[in-house]
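A look at the structure
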Amino acid sequence: MNKIVQIMDENQIDRSLSRLAHEIIEKNNGLEKIALLGIKRRGIPLAQRLAKKLKQFGNVDVPIGQIDISLYRDDLSEIGDEPRKGACQIPVSLKDYTFILVDDVLYTGRTVRAAIDAIFDMGRPISIQLAILIDRGHRELPIRPDYIGKNIPTSKKEIVHVKLEEIDSINQVYVQKEFD
């Protein structure tokens with residue numbers, strides 16, 4: 001049996017992104033050497049939304065790129081026999097910028113580790129920061145986000161779903177709780 005509990009609606013997601021933008025501006029003393037990298041899939045539209053907020057609050061067009069970590073995952077045998085190398089689009093020189101990885105849910109930390117591996121295969125940025133819409137805990141690696149939209153304590157049996165208009169035609173976050 002499953003129970004679905006909505007955690008965030010469209011307005012709450014938007015407010016969280018506004019807060020994240022303010023935190024990014026404050027922590028980095030501006031945006032001149034900041035670039036965003038959305039982790040494929042839902043990290044990309046979140047990075048685009050965050051860039052709009054940064055433009056609104058910081059009056060700077062922050063470069064946006066995307067990163068596909070499928071070739072860098074440590075669970076390739078569970079996904080399929082032949083992973084396809086994804087496209088990484090980095091709009092500026094790595095060595096000249098601080099990159100903020102953007103993703104929807106932080107869970108074990110393995111996706112973020114794979115994204116960092118992919119970045120370092122292409123070069124070395126000034127630094128890497130992490131912006132997450134939902135932090136659900138249960139880390140398996142020592143990875144900590146710099147910016148968190150919302151902390152949601154979960155059990156390992158629960159699933160956090162982030163739905164975004166650009167992909168899912170709706171904006172919401174919900175937790176699916178499984179009962180025996």
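Residues numbered from 1 in each chain as written. Predicted model: local features only at pLDDT ≥ 70, side-chain atom pairs only at ≥ 80, totals over all residues. Heavy atoms only, no water.

1. Focus: helix H1 (residues 10–27)
Keep this limit in mind: Under the DSSP-based scheme used, a helix requires at least four consecutive residues in state H or I and a strand at least two consecutive residues in state E, with every element numbered from the N terminus. Expected helix span is computed as 1.5 Å times (number of residues minus one). Burial here depends on accessible area, computed with a 1.4 Å probe over protein chains only, as a share of the maximum for the residue type. Under 20% is buried, over 50% is exposed, and the range in between is partly exposed. Throughout, a residue-residue contact means that at least one pair of heavy atoms, one from each residue, lies within 4.5 Å. Side-chain atoms alone can form a polar contact between residues adjacent in sequence; in general such a contact is a pair of N or O atoms within 3.5 Å, and within protein one must be able to donate a hydrogen while the other accepts it.
The terminal C-alpha atoms of H1 lie 26 Å apart, and with 18 residues this matches the ideal 26 Å at 1.5 Å per residue to within 8%. When H1 is considered as a whole, its buried residues turn out to be Ile13, Ser16, Leu17, Ser18, Leu20, Ala21, Ile24 and Ile25. Against the buried residues of H1 lie strand S1 (2–8), helix H2 (43–58), strand S4 (98–106), strand S5 (127–135), strand S6 (147–151) and strand S8 (172–178). By the N-cap criterion, in which a side-chain oxygen at the helix start approaches the backbone nitrogen of a residue two or three places on, H1 is capped by Asp9, the distance to Asn11 being 3.1 Å. One or two residues past the end of H1 sits Asn29, with phi positive at roughly 50 degrees.

2. Considering the packing of aromatic side chains
To keep things clear, this is the line we draw: A pair of Phe, Tyr and Trp rings is counted when the ring centres sit within 6.5 Å of each other, with Trp represented by its six-membered ring. The angle between the planes then sorts it: under 30 degrees is stacked, over 60 is edge-to-face, the rest tilted. Should the NZ of a Lys or the CZ of an Arg lie within 6 Å of a ring centre and within 35 degrees of the ring normal, that charge is described as sitting over the ring.
Evaluated as defined, the whole model comprises 1 aromatic pair. Across the ring face of Tyr107, the terminal group of Arg136 is positioned such that the distance to the ring centre comes to 4.0 Å.

3. Regarding the environment of Lys157
Residue position: Lys157 is located in the loop between S6 and strand S7 (159–163). Here Lys157 falls in the exposed class, since its relative accessible area comes to 53%. Between the C-alpha atom of Lys157 and that of His22, which follows or precedes it by 135 residues, the distance is 34 Å.

4. What about the sheet that holds S6?
What counts is decided by this rule: Pairs of strands are assigned from DSSP output, requiring at least two bridges between the strands. Note on geometry: axes are C-alpha line fits, over the in-contact stretch for helices, and angles between N-to-C directions span 0 to 180 degrees.
If you trace the 5 strands from one edge of the open sheet to the other, you get S3-S2-S4-S5-S6, paired in parallel fashion. The two strands at the open ends of the sheet, each matched to only one other strand, are strand S3 (64–67) and S6. Strand after strand, the sheet turns through a mean of 25 degrees between neighbouring axes, direction not considered. Across 8 bridges, the pairing between S4 and S5 is parallel. In the strand pairing of S5, Phe99 is matched with Ile128. Relative to S4, helix H4 (residues 110–122) is tilted by about 155 degrees, and along the sheet it contacts strand S2 (34–39), S3, S4 and S5.

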